[in-house]
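What follows is each chain in one-letter form.
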Amino acid sequence: MRALRLMGPNELKVDEVPDPKMADSKNAVLEVTKTAICGADLIPYWGYVPGWEWGTTMGHEFVGIVKDVGSGVSLIKPGDRVVSSSMTSCGVCWACRHGMQPQCEKRALFGFSGAYPRLDGGQAEMVLIPNADRDLWVLPAEISDEAGVFVADILSTAYRGVKRAHVKLGDTVAVVGCGPVGLMSILTARLIAGRVIAVDTVPARLEQAKAMGAIPVDASTQDAVAAVMELTGGRGAEVVME
Ligand SMILES: [Zn+2]
Ligand SMILES: [Zn+2]
């Protein structure tokens, strides 16, 4: 199959690699239909991850159709359309049982090595899923592949941030930085907050933030703090997310 591998700093290659083979009863093989690039991919791309194994297949955000599952998989079956969890987790260690799956003692990040044990990712025609019942989530029919791929990381990261910021009904929320995660934070916070103020310096991002219902503040042409103060009667925002 073909896979996008990182061969050295700034050196990506679409390469022929062996098809994934299941080695454990909890495994599954997924045929990828949609995948995304993350800001986190730039860290190994620039050569900044100690111990990175050159040749690792990139990608932790992907949607696909399940091709095969091991005998120990009960929630996922061949033919299911699913989204990845970005990271694997065991479900039974201390961190997993305290709701901190990204700190799982056995964690790995798809499309990463060095910082975690190597786990080839989803920027490929197929990907091996270690713990299918936990690493995959079945997508409802009405969610497109393109919408579903946001659940892998970008939307869920933003949602977690909004939850942890304890946004309350009627709060003013200022979101500083309107890249993909910032925009998803706006989308999520808008469901609860009274107002969301979007701060960035890139016009296209601010346009998108405005379309999502936020008040845009261009920090390259105005003092962002002064703008937030003015919008809130001199009190400032109840919640600021960066
Ligand atoms: Zn990501
Ligand atoms: Zn765990």
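Structure: above.
Note that the coordinates shown come from a computational prediction; the quantities given were computed from them, not determined experimentally.

The subject of this paragraph is the packing of helix H5 (residues 154-164) against helix H6 (residues 180-189). The N-to-C vectors of H5 and H6 enclose an angle of 55°; their axes lie 8 Å apart at closest approach. Classified by the angle between their axes, H5 and H6 sit oblique to one another. Viewed along their axes, H5 and H6 form a crossing whose handedness is right-handed. Side by side, H5 and H6 meet where Ile154, Leu155, Thr157, Ala158, Tyr159 and Val162 of the first sit next to Pro180, Val181, Met184, Ser185, Thr188 and Ala189 of the second. For the contact of H5 with H6, the per-class residue count stands at nine nonpolar, three polar and no charged.

Together, Leu42, Ile43, Trp46 and Tyr48 make up an exposed nonpolar region whose accessible area comes to about 430 Å². By secondary structure assignment, the location of Trp46 is in the loop between helix H1 (42-45) and strand E4 (56-57). By relative accessible area, Trp46 is classed as partly exposed at 44%.

This structure, assessed with the given rule, holds four aromatic pairs. Residues Trp46 and Tyr48 carry aromatic rings whose centres are separated by 6.1 Å and whose planes lie at 55° to one another, so their mutual orientation is tilted. A ring pair is formed by Phe62 and Phe110, whose centres lie 5.2 Å apart and whose planes are at 90°; its orientation type is edge-to-face. Taken together, the residues span a long stretch of sequence, with Phe62 in strand E5 (residues 61-69) and Phe110 in the loop between strand E8 (108-109) and strand E9 (126-129) at a distance of 48 residues. Grouping residues by exposure puts Phe62 and Phe110 together as buried.

Applying the stated rule across the entire model yields nine salt bridges. Glu125 is the salt-bridge partner of Arg2, the closest N and O atoms lying 3.4 Å from each other. Placement of Arg2 in strand E1 (residues 2-8) and of Glu125 in the loop between E8 and E9 is noted, with a sequence separation of 123 residues between them. According to the relative accessible area criterion, Arg2 is partly exposed, its value standing at 47%. For the salt bridge of Arg118 with Glu53, the shortest nitrogen-to-oxygen distance reads 3.4 Å. Of this pair, Arg118 sits in the loop between E8 and E9 while Glu53 sits in the loop between H1 and E4, placing them 65 residues apart in sequence.

Reading guide: rules and limits
- Residues numbered from 1 in each chain as written.
- Chains lettered and ligands numbered in written order.
- Predicted model: local features only at pLDDT ≥ 70, side-chain atom pairs only at ≥ 80, totals over all residues.
- Heavy atoms only, no water.
- Axes fitted to C-alpha atoms, helices over the stretch in contact; angles between N-to-C directions.
- Helix = DSSP H or I, 4+ residues; strand = E, 2+ residues; numbered from the N terminus.
- Parallel < 35°, antiparallel > 145°, perpendicular 65-115°, else oblique.
- Left-handed = near helix turned anticlockwise from the far one by under 90°.
- Contact = heavy atoms within 4.5 Å.
- Nonpolar A, V, L, I, M, F, W, Y, C, P; charged D, E, K, R; others polar.
- Patch = residues over 30% accessible without salt bridge, like charges linked within 9 Å, V, L, I, M, F, W, Y side chains within 5 Å.
- Areas by Shrake-Rupley, 256 points an atom, 1.4 Å probe, with all protein chains shown as cover.
- Salt bridge = Lys/Arg side-chain N within 4 Å of Asp/Glu carboxyl O.
- Buried < 20%, exposed > 50% of the residue type's maximum accessible area, 1.4 Å probe, protein only.
- Phe/Tyr/Trp six-rings, centres within 6.5 Å; stacked < 30°, edge-to-face > 60°.

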